[in-house]
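# A structural walkthrough
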Amino acid sequence: MTNIASAQVWATAVSKNEREGTAIVYRYVQEFAEDFDRSTQPNRVILVWRYNGEKGMPSIEERERMEELESSLEAAVEKDGFSTLALVSTGDNLKEWMYYANSENEFLLRLNAALGHKKPFPIEVHASPDPQWNTYTRFISGVKQ
């Protein structure tokens, strides 16, 4: 099973609210490696970080902590093709990382192992089965190229 970050093509999209002067920035996997098999990762795990930022965006300090979280998890949950970070959204005072994983319980074990020795992160974890990757597919179908 191939699931290496370099075997993915990432893209970004922005949803703007002109009236409010805010935006949500999306970073998502646009293309997967040819031999990537989504069926090996049937569980969707979403990490949610709520914050209060100017125009709905995180402060520099919060962004740095968010980057620390993401990089800490990359080695722990994405190694060996266990899970895939498919979509990240930032804006509207909310940052979300959407992963697809082989196992919800194992994802949580790896997350706790990776973050257990760090200053706590203010995140919520939501998980549910999504074997067809419907949430990701709905997002992709709504992106204007």
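These numbers come from a predicted model, not from an experiment.

## What to know about the sheet that holds strand 3 (residues 43-50)
Pairing is antiparallel across the open sheet formed by six strands, whose spatial order is 1-2-4-5-3-6. With partners counted over all chains shown, the strands left at the sheet margins are strand 1 (9-17) and strand 6 (123-129), one partner each. Averaged over all pairs of adjacent strands, the angle between their axes in this sheet comes to 20°, without regard to strand direction. With eight bridges joining them, strand 3 and strand 5 (residues 94-101) adopt antiparallel strand pairing. Looking across to strand 5, one finds that Asn 43 is bridged to Ala 101. In this fold helix 2 (residues 104-115) packs onto strand 3, strand 4 (83-91), strand 5 and strand 6, with an angle of close to 40° to the strand it touches most, strand 3.

Parameters at a glance
- Residues numbered from 1 in each chain as written.
- Predicted model: local features only at pLDDT ≥ 70, side-chain atom pairs only at ≥ 80, totals over all residues.
- Heavy atoms only, no water.
- Pairing = 2+ DSSP bridges.
- Helix = DSSP H or I, 4+ residues; strand = E, 2+ residues; numbered from the N terminus.
- Axes fitted to C-alpha atoms, helices over the stretch in contact; angles between N-to-C directions.
- Contact = heavy atoms within 4.5 Å.

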